[in-house]
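# Breakdown of the fold
Here is what each chain is made of, one letter per residue.
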Amino acid sequence: MKCLGSLTFKFKQAVNPLAFVCYRFRFTQELHAHLNGSLSEDTLRDLFMENPDLKSDERIKSLISSFLLKSRSLEECFKKFEIAHAVTVTPAAVKRATKDVISDFAADGVAYLELRTTPRSVPGIMSKSEYVQAVVDTIKDVQAFNSSDKFIIVKLLLSINRQESPIEAEENVRKAIEANAAYPDIVVGVDLSGNPKYGDVVRNILPLLTEARKSGLKVVLHCAEIPNENEVEEMLKFNADRLGHGTCVHPSYGGSEKLWRLLLDSKTPLEVCLTSNVKCKTVETYENHHLRHLLQLQHPFAISTDDKGVFSTSLSKEFELAAKTFNLSSLELCNCVAMAINASFASTDEKNELMSKLSAFKIERG
Ligand code: 6MZ
(Lines give C-alpha, C1' and ligand atoms only; values in the text may rest on other atoms or scores of the structure.)
Protein backbone atom coordinates (compact mmCIF):
# COMPACT_ATOMS: atom_id res chain seq x y z
CA MET A 1 0.00 0.00 0.00
CA LYS A 2 1.27 3.47 -0.89
CA CYS A 3 0.06 6.88 0.10
CA LEU A 4 0.27 10.04 -2.02
CA GLY A 5 -0.54 12.85 0.36
CA SER A 6 -4.00 11.99 1.61
CA LEU A 7 -4.54 9.63 -1.31
CA THR A 8 -4.11 5.94 -0.83
CA PHE A 9 -2.39 3.93 -3.54
CA LYS A 10 -3.07 0.20 -3.25
CA PHE A 11 -1.01 -1.66 -5.84
CA LYS A 12 -3.02 -4.58 -7.24
CA GLN A 13 -2.07 -7.31 -9.64
CA ALA A 14 -4.52 -6.77 -12.48
CA VAL A 15 -4.72 -3.62 -14.55
CA ASN A 16 -8.40 -2.73 -14.81
CA PRO A 17 -9.96 -1.47 -18.05
CA LEU A 18 -9.12 2.19 -18.39
CA ALA A 19 -11.97 3.38 -20.52
CA PHE A 20 -14.08 4.11 -17.45
CA VAL A 21 -11.73 6.83 -16.28
CA CYS A 22 -11.33 8.44 -19.63
CA TYR A 23 -14.55 7.97 -21.55
CA ARG A 24 -17.62 7.15 -19.47
CA PHE A 25 -17.11 9.43 -16.53
CA ARG A 26 -15.33 12.26 -18.24
CA PHE A 27 -13.16 13.40 -15.42
CA THR A 28 -9.52 13.25 -16.41
CA GLN A 29 -7.51 16.46 -16.06
CA GLU A 30 -5.03 17.63 -18.70
CA LEU A 31 -2.57 20.10 -17.19
CA HIS A 32 0.25 20.24 -19.75
CA ALA A 33 -0.89 20.76 -23.35
CA HIS A 34 0.73 23.20 -25.80
CA LEU A 35 -1.92 24.48 -28.19
CA ASN A 36 0.08 24.25 -31.42
CA GLY A 37 1.69 20.94 -30.45
CA SER A 38 -1.77 19.50 -29.83
CA LEU A 39 -3.16 20.00 -33.35
CA SER A 40 -4.26 16.72 -34.90
CA GLU A 41 -3.18 15.79 -38.41
CA ASP A 42 -6.76 16.43 -39.60
CA THR A 43 -6.71 19.98 -38.23
CA LEU A 44 -3.24 20.63 -39.68
CA ARG A 45 -4.33 19.33 -43.07
CA ASP A 46 -7.55 21.38 -43.10
CA LEU A 47 -5.78 24.57 -42.09
CA PHE A 48 -3.08 23.93 -44.70
CA MET A 49 -5.66 23.38 -47.46
CA GLU A 50 -7.56 26.52 -46.47
CA ASN A 51 -4.48 28.74 -46.90
CA PRO A 52 -3.55 29.03 -50.63
CA ASP A 53 -0.21 30.76 -49.86
CA LEU A 54 1.06 27.67 -48.06
CA LYS A 55 0.58 25.26 -50.96
CA SER A 56 3.34 26.96 -52.92
CA ASP A 57 5.69 27.38 -49.94
CA GLU A 58 8.62 24.95 -50.47
CA ARG A 59 9.88 25.29 -46.89
CA ILE A 60 6.50 24.26 -45.48
CA LYS A 61 6.13 21.44 -48.00
CA SER A 62 9.49 20.00 -46.97
CA LEU A 63 8.64 20.43 -43.28
CA ILE A 64 5.41 18.54 -43.85
CA SER A 65 7.26 15.64 -45.42
CA SER A 66 9.67 15.56 -42.47
CA PHE A 67 6.63 15.61 -40.15
CA LEU A 68 5.78 12.20 -41.51
CA LEU A 69 9.15 10.84 -40.38
CA LYS A 70 9.41 9.20 -36.99
CA SER A 71 10.78 11.53 -34.32
CA ARG A 72 14.39 10.91 -33.53
CA SER A 73 15.38 13.68 -31.17
CA LEU A 74 14.22 16.63 -29.16
CA GLU A 75 15.57 18.85 -31.96
CA GLU A 76 13.41 17.11 -34.56
CA CYS A 77 10.32 17.47 -32.37
CA PHE A 78 10.89 21.20 -32.28
CA LYS A 79 10.89 21.36 -36.09
CA LYS A 80 7.36 20.00 -36.06
CA PHE A 81 6.05 23.06 -34.26
CA GLU A 82 7.01 25.14 -37.30
CA ILE A 83 4.30 23.39 -39.32
CA ALA A 84 1.60 24.19 -36.79
CA HIS A 85 2.87 27.76 -36.58
CA ALA A 86 2.78 28.09 -40.37
CA VAL A 87 -0.91 27.18 -40.53
CA THR A 88 -2.09 29.26 -37.55
CA VAL A 89 -1.28 32.71 -38.88
CA THR A 90 -4.68 34.40 -38.74
CA PRO A 91 -7.12 34.90 -35.85
CA ALA A 92 -9.61 32.68 -37.73
CA ALA A 93 -7.07 29.85 -38.00
CA VAL A 94 -6.11 30.23 -34.32
CA LYS A 95 -9.80 30.00 -33.38
CA ARG A 96 -10.30 26.91 -35.48
CA ALA A 97 -7.15 25.31 -34.03
CA THR A 98 -8.25 26.06 -30.45
CA LYS A 99 -11.78 24.75 -31.04
CA ASP A 100 -10.50 21.51 -32.59
CA VAL A 101 -7.99 20.89 -29.80
CA ILE A 102 -10.63 21.43 -27.09
CA SER A 103 -13.04 19.10 -28.96
CA ASP A 104 -10.33 16.42 -29.24
CA PHE A 105 -9.63 16.54 -25.52
CA ALA A 106 -13.35 16.57 -24.67
CA ALA A 107 -13.93 13.55 -26.90
CA ASP A 108 -11.13 11.76 -25.06
CA GLY A 109 -12.91 12.29 -21.71
CA VAL A 110 -11.03 15.31 -20.41
CA ALA A 111 -13.24 17.28 -18.01
CA TYR A 112 -10.67 19.91 -17.12
CA LEU A 113 -8.12 21.24 -19.60
CA GLU A 114 -5.32 23.73 -19.15
CA LEU A 115 -4.05 24.84 -22.53
CA ARG A 116 -0.87 26.87 -22.85
CA THR A 117 0.30 28.85 -25.84
CA THR A 118 2.94 31.40 -26.82
CA PRO A 119 1.39 34.71 -27.98
CA ARG A 120 2.47 35.18 -31.59
CA SER A 121 2.28 38.11 -34.00
CA VAL A 122 2.32 37.81 -37.78
CA PRO A 123 3.34 41.12 -39.37
CA GLY A 124 0.44 42.81 -41.13
CA ILE A 125 -1.97 40.00 -40.26
CA MET A 126 -2.24 39.36 -36.53
CA SER A 127 -0.96 41.03 -33.36
CA LYS A 128 -0.14 39.15 -30.15
CA SER A 129 -3.24 40.68 -28.58
CA GLU A 130 -5.40 39.38 -31.44
CA TYR A 131 -3.79 35.95 -31.09
CA VAL A 132 -4.59 35.80 -27.36
CA GLN A 133 -8.10 37.18 -27.95
CA ALA A 134 -8.78 34.48 -30.57
CA VAL A 135 -7.86 31.74 -28.09
CA VAL A 136 -9.80 33.30 -25.19
CA ASP A 137 -12.92 33.90 -27.34
CA THR A 138 -12.91 30.29 -28.46
CA ILE A 139 -12.60 29.04 -24.89
CA LYS A 140 -15.54 31.29 -23.90
CA ASP A 141 -17.62 29.98 -26.82
CA VAL A 142 -16.91 26.34 -26.01
CA GLN A 143 -17.71 26.76 -22.32
CA ALA A 144 -20.98 28.51 -23.13
CA PHE A 145 -22.19 25.15 -24.47
CA ASN A 146 -21.33 23.17 -21.34
CA SER A 147 -24.19 21.01 -20.06
CA SER A 148 -24.45 18.30 -17.43
CA ASP A 149 -23.54 15.53 -19.88
CA LYS A 150 -21.21 17.52 -22.17
CA PHE A 151 -18.86 19.37 -19.92
CA ILE A 152 -15.32 20.70 -20.10
CA ILE A 153 -13.62 23.44 -18.08
CA VAL A 154 -10.82 25.15 -20.03
CA LYS A 155 -8.13 27.48 -18.68
CA LEU A 156 -5.28 29.23 -20.46
CA LEU A 157 -1.64 29.85 -19.60
CA LEU A 158 0.48 32.15 -21.77
CA SER A 159 3.98 30.90 -22.52
CA ILE A 160 7.37 32.56 -22.73
CA ASN A 161 9.55 30.87 -25.34
CA ARG A 162 13.11 30.57 -24.05
CA GLN A 163 14.41 31.00 -27.61
CA GLU A 164 12.85 34.45 -27.88
CA SER A 165 14.28 37.77 -26.66
CA PRO A 166 13.76 39.24 -23.16
CA ILE A 167 11.58 41.90 -24.85
CA GLU A 168 9.25 39.19 -26.18
CA ALA A 169 9.24 37.54 -22.75
CA GLU A 170 8.19 40.82 -21.17
CA GLU A 171 5.48 41.37 -23.82
CA ASN A 172 4.04 37.92 -23.15
CA VAL A 173 3.95 38.39 -19.40
CA ARG A 174 2.25 41.78 -19.86
CA LYS A 175 -0.32 40.12 -22.14
CA ALA A 176 -0.91 37.47 -19.48
CA ILE A 177 -1.41 40.10 -16.75
CA GLU A 178 -3.82 42.08 -18.96
CA ALA A 179 -5.73 38.98 -20.05
CA ASN A 180 -5.98 37.75 -16.45
CA ALA A 181 -7.44 41.12 -15.42
CA ALA A 182 -10.02 40.90 -18.23
CA TYR A 183 -10.75 37.14 -17.99
CA PRO A 184 -9.73 35.97 -14.51
CA ASP A 185 -11.72 32.73 -14.84
CA ILE A 186 -9.88 31.75 -18.02
CA VAL A 187 -6.34 33.17 -18.12
CA VAL A 188 -4.71 31.80 -14.99
CA GLY A 189 -0.98 31.53 -15.47
CA VAL A 190 2.32 31.87 -17.30
CA ASP A 191 4.62 29.12 -18.49
CA LEU A 192 8.27 29.03 -19.50
CA SER A 193 8.84 26.62 -22.40
CA GLY A 194 10.78 26.36 -25.66
CA ASN A 195 13.78 24.35 -26.75
CA PRO A 196 15.71 23.56 -23.54
CA LYS A 197 18.99 23.65 -25.47
CA TYR A 198 18.70 27.43 -25.38
CA GLY A 199 20.74 28.00 -22.23
CA ASP A 200 20.30 29.71 -18.93
CA VAL A 201 17.40 32.12 -19.31
CA VAL A 202 15.63 31.76 -16.00
CA ARG A 203 17.89 34.16 -14.10
CA ASN A 204 16.99 36.97 -16.52
CA ILE A 205 13.26 36.47 -16.34
CA LEU A 206 12.88 35.85 -12.59
CA PRO A 207 11.77 39.48 -11.95
CA LEU A 208 9.10 39.07 -14.65
CA LEU A 209 7.90 35.78 -13.19
CA THR A 210 7.77 37.37 -9.74
CA GLU A 211 5.69 40.21 -11.16
CA ALA A 212 3.32 37.73 -12.81
CA ARG A 213 2.94 35.91 -9.51
CA LYS A 214 2.30 39.13 -7.59
CA SER A 215 -0.49 39.99 -10.00
CA GLY A 216 -2.21 36.70 -9.17
CA LEU A 217 -1.01 34.47 -11.99
CA LYS A 218 0.29 30.95 -11.37
CA VAL A 219 3.78 30.18 -12.67
CA VAL A 220 4.77 26.94 -14.39
CA LEU A 221 8.30 26.20 -15.59
CA HIS A 222 9.54 23.56 -18.02
CA CYS A 223 12.30 22.19 -15.87
CA ALA A 224 15.24 19.83 -16.45
CA GLU A 225 14.25 18.35 -19.81
CA ILE A 226 18.01 18.11 -20.30
CA PRO A 227 20.72 18.35 -17.61
CA ASN A 228 21.44 21.92 -16.46
CA GLU A 229 22.41 21.94 -12.77
CA ASN A 230 22.53 25.74 -12.30
CA GLU A 231 19.31 26.60 -14.04
CA VAL A 232 17.39 23.72 -12.47
CA GLU A 233 18.56 24.84 -9.02
CA GLU A 234 17.34 28.40 -9.75
CA MET A 235 14.00 27.04 -10.91
CA LEU A 236 13.56 24.83 -7.87
CA LYS A 237 14.41 27.70 -5.54
CA PHE A 238 11.86 29.94 -7.29
CA ASN A 239 9.13 27.58 -6.03
CA ALA A 240 6.95 27.49 -9.13
CA ASP A 241 3.36 26.32 -8.80
CA ARG A 242 4.11 23.32 -11.00
CA LEU A 243 7.07 22.05 -13.02
CA GLY A 244 6.93 20.56 -16.52
CA HIS A 245 8.78 17.23 -16.98
CA GLY A 246 11.43 17.43 -14.22
CA THR A 247 13.37 14.73 -16.02
CA CYS A 248 17.02 15.48 -15.17
CA VAL A 249 16.56 16.25 -11.48
CA HIS A 250 17.15 12.79 -10.00
CA PRO A 251 20.86 11.80 -9.93
CA SER A 252 20.24 8.77 -12.19
CA TYR A 253 18.95 11.07 -14.98
CA GLY A 254 21.71 13.68 -15.08
CA GLY A 255 20.55 15.62 -12.02
CA SER A 256 22.02 15.41 -8.51
CA GLU A 257 21.16 14.47 -4.93
CA LYS A 258 20.97 18.17 -4.13
CA LEU A 259 18.44 18.92 -6.89
CA TRP A 260 16.36 15.86 -6.11
CA ARG A 261 16.20 16.81 -2.42
CA LEU A 262 15.15 20.37 -3.36
CA LEU A 263 12.34 18.98 -5.54
CA LEU A 264 11.07 16.53 -2.93
CA ASP A 265 11.17 19.14 -0.17
CA SER A 266 9.33 21.67 -2.33
CA LYS A 267 6.48 19.18 -2.97
CA THR A 268 5.94 20.99 -6.28
CA PRO A 269 3.76 18.82 -8.55
CA LEU A 270 5.42 17.59 -11.75
CA GLU A 271 3.60 17.41 -15.08
CA VAL A 272 4.56 13.97 -16.38
CA CYS A 273 4.55 13.42 -20.15
CA LEU A 274 5.57 9.79 -20.77
CA THR A 275 5.26 9.54 -24.56
CA SER A 276 6.81 12.95 -25.17
CA ASN A 277 9.84 12.14 -23.03
CA VAL A 278 10.45 8.75 -24.63
CA LYS A 279 9.86 9.99 -28.21
CA CYS A 280 12.16 12.96 -27.63
CA LYS A 281 14.69 10.52 -26.16
CA THR A 282 15.15 12.50 -22.97
CA VAL A 283 14.08 9.28 -21.21
CA GLU A 284 15.24 5.92 -22.57
CA THR A 285 12.27 3.68 -21.81
CA TYR A 286 8.85 3.87 -20.19
CA GLU A 287 9.95 1.45 -17.47
CA ASN A 288 12.85 3.70 -16.61
CA HIS A 289 10.79 6.91 -16.59
CA HIS A 290 11.26 9.08 -13.50
CA LEU A 291 7.55 8.60 -12.74
CA ARG A 292 8.63 5.40 -10.98
CA HIS A 293 10.53 7.45 -8.39
CA LEU A 294 7.59 9.85 -7.96
CA LEU A 295 5.26 6.91 -7.33
CA GLN A 296 7.68 5.32 -4.90
CA LEU A 297 8.29 8.51 -2.94
CA GLN A 298 4.70 9.78 -3.10
CA HIS A 299 5.65 13.01 -4.86
CA PRO A 300 2.65 14.72 -6.55
CA PHE A 301 2.34 14.56 -10.34
CA ALA A 302 -0.18 15.01 -13.14
CA ILE A 303 -0.19 12.66 -16.13
CA SER A 304 -0.29 14.87 -19.26
CA THR A 305 0.20 14.77 -23.03
CA ASP A 306 2.52 17.75 -23.79
CA ASP A 307 1.90 17.80 -27.58
CA LYS A 308 -0.68 15.19 -28.49
CA GLY A 309 -0.45 16.03 -32.21
CA VAL A 310 3.33 15.91 -32.44
CA PHE A 311 3.58 12.71 -30.40
CA SER A 312 0.40 11.00 -31.67
CA THR A 313 -1.02 10.47 -28.22
CA SER A 314 -4.04 11.32 -26.06
CA LEU A 315 -4.59 11.64 -22.34
CA SER A 316 -6.35 8.27 -22.21
CA LYS A 317 -3.33 6.69 -23.94
CA GLU A 318 -1.02 8.30 -21.36
CA PHE A 319 -3.16 6.89 -18.53
CA GLU A 320 -3.08 3.49 -20.18
CA LEU A 321 0.70 3.67 -20.57
CA ALA A 322 1.17 4.67 -16.93
CA ALA A 323 -1.16 1.89 -15.79
CA LYS A 324 0.52 -0.79 -17.89
CA THR A 325 4.08 0.32 -17.20
CA PHE A 326 3.68 0.72 -13.44
CA ASN A 327 0.88 -1.78 -12.92
CA LEU A 328 -1.57 0.77 -11.53
CA SER A 329 -5.07 -0.34 -10.58
CA SER A 330 -8.25 1.62 -11.38
CA LEU A 331 -8.26 2.98 -7.82
CA GLU A 332 -4.70 4.18 -8.28
CA LEU A 333 -5.68 5.83 -11.56
CA CYS A 334 -8.52 7.60 -9.74
CA ASN A 335 -5.91 8.81 -7.28
CA CYS A 336 -3.86 10.16 -10.21
CA VAL A 337 -6.97 12.07 -11.31
CA ALA A 338 -7.43 13.43 -7.76
CA MET A 339 -3.78 14.53 -7.64
CA ALA A 340 -4.21 16.38 -10.92
CA ILE A 341 -7.36 18.11 -9.59
CA ASN A 342 -5.37 19.23 -6.54
CA ALA A 343 -2.48 20.45 -8.70
CA SER A 344 -4.73 22.26 -11.18
CA PHE A 345 -5.38 26.00 -11.35
CA ALA A 346 -9.14 25.50 -11.13
CA SER A 347 -11.07 27.64 -8.63
CA THR A 348 -12.02 26.09 -5.29
CA ASP A 349 -15.61 25.61 -6.51
CA GLU A 350 -14.43 23.94 -9.70
CA LYS A 351 -12.09 21.66 -7.76
CA ASN A 352 -14.93 20.68 -5.41
CA GLU A 353 -17.17 19.93 -8.39
CA LEU A 354 -14.50 17.77 -10.04
CA MET A 355 -13.74 15.97 -6.76
CA SER A 356 -17.41 15.21 -6.19
CA LYS A 357 -17.71 13.72 -9.70
CA LEU A 358 -14.69 11.58 -8.89
CA SER A 359 -16.21 10.43 -5.57
CA ALA A 360 -19.53 9.64 -7.25
CA PHE A 361 -17.70 7.49 -9.74
CA LYS A 362 -15.73 5.67 -7.03
CA ILE A 363 -18.96 4.90 -5.13
CA GLU A 364 -20.63 3.69 -8.31
CA ARG A 365 -17.69 1.42 -9.07
CA GLY A 366 -17.52 0.16 -5.48
C1 6MZ B 1 9.61 22.70 -24.28
C2 6MZ B 1 7.80 22.87 -25.67
C3 6MZ B 1 7.66 21.48 -25.70
O4 6MZ B 1 3.05 27.74 -27.70
O5 6MZ B 1 2.88 27.69 -30.19
N6 6MZ B 1 6.84 23.38 -26.46
N7 6MZ B 1 8.76 23.48 -24.98
N8 6MZ B 1 9.56 21.36 -24.26
C9 6MZ B 1 8.59 20.68 -24.95
N10 6MZ B 1 8.61 19.32 -24.96
C11 6MZ B 1 8.78 18.56 -26.12
N12 6MZ B 1 6.60 21.17 -26.46
C13 6MZ B 1 6.10 22.35 -26.92
O14 6MZ B 1 2.97 25.52 -28.87
C15 6MZ B 1 4.22 25.11 -29.40
C16 6MZ B 1 5.35 25.62 -28.54
O17 6MZ B 1 5.32 25.02 -27.23
C18 6MZ B 1 6.64 24.83 -26.73
C19 6MZ B 1 7.61 25.31 -27.82
O20 6MZ B 1 7.98 26.64 -27.52
C21 6MZ B 1 6.74 25.25 -29.07
O22 6MZ B 1 7.16 26.16 -30.07
P23 6MZ B 1 2.45 27.04 -28.89
O24 6MZ B 1 0.97 26.89 -28.79
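For clarity, every value in this text was computed on a predicted model and none was experimentally measured.

## Some details on the pairing of strand β7 (residues 218-223)
Across the six residues of β7, five count as buried, placing the element largely inside the fold. Across four bridges, the pairing between strand β6 (residues 187-193) and β7 is parallel. By the bridge assignment, L192 is partnered in β7 with L221. One crossover worth recording links β6 to the parallel β7 by way of helix α9 (residues 202-214), and it is right-handed. Relative to strand β8 (residues 242-245), β7 runs parallel, the two being bridged by four bridges. Note on β8: the bridge partner recorded for H222 is G244.

## Some details on the site of the ligand
Taken together, the neighbourhood of the ligand is formed by 18 residues, with H34, N36, T117, T118 and S193 sitting nearest. Counting only elements with at least two residues in the shell around the ligand, the list comes to α5 (74-87) and β5 (153-161).

## A word on the nonpolar core
Formed by 94 residues in total, the largest nonpolar core has its most connected members in L113, A176, V190, A212 and V337. No other element matches the nine residues that helix α15 (residues 330-343) contributes to this core. Apart from the residues lying within four places of it in its own chain, the contact partners of A176 are L158, V187, V190, A212 and L217.

## What to know about the pairing of β6
Of all seven residues in β6, seven are buried; the element is thus mostly enclosed. Both β5 and β6 contribute to a ladder of six bridges, which runs parallel. What sits directly across from L156, in β6, is V187.

## A look at the environment of V110
With respect to the helices, strands and loops of the structure, V110 is situated in strand β4 (residues 110-117). Among the residues examined, V110 registers 24 C-beta atoms within 10 Å and is labelled buried. For the pair formed by V110 and I153, sequence separation is 43 residues and the distance between their alpha carbons is 8.8 Å.

Calculation criteria
Residues numbered from 1 in each chain as written. Predicted model: local features only at pLDDT ≥ 70, side-chain atom pairs only at ≥ 80, totals over all residues. Buried ≥ 20, exposed ≤ 12 C-beta atoms within 10 Å, placed from the backbone. Helix = DSSP H or I, 4+ residues; strand = E, 2+ residues; numbered from the N terminus. Pairing = 2+ DSSP bridges. Right-handed = clockwise from strand over helix to strand, strands pointing away. Near = placed C-beta within 6 Å. Core = buried A, V, L, I, M, F, W, Y, C linked by C-beta atoms within 7 Å. Contact = placed C-beta atoms within 7 Å.

Honestly, it's all geometry; don't read function into it.
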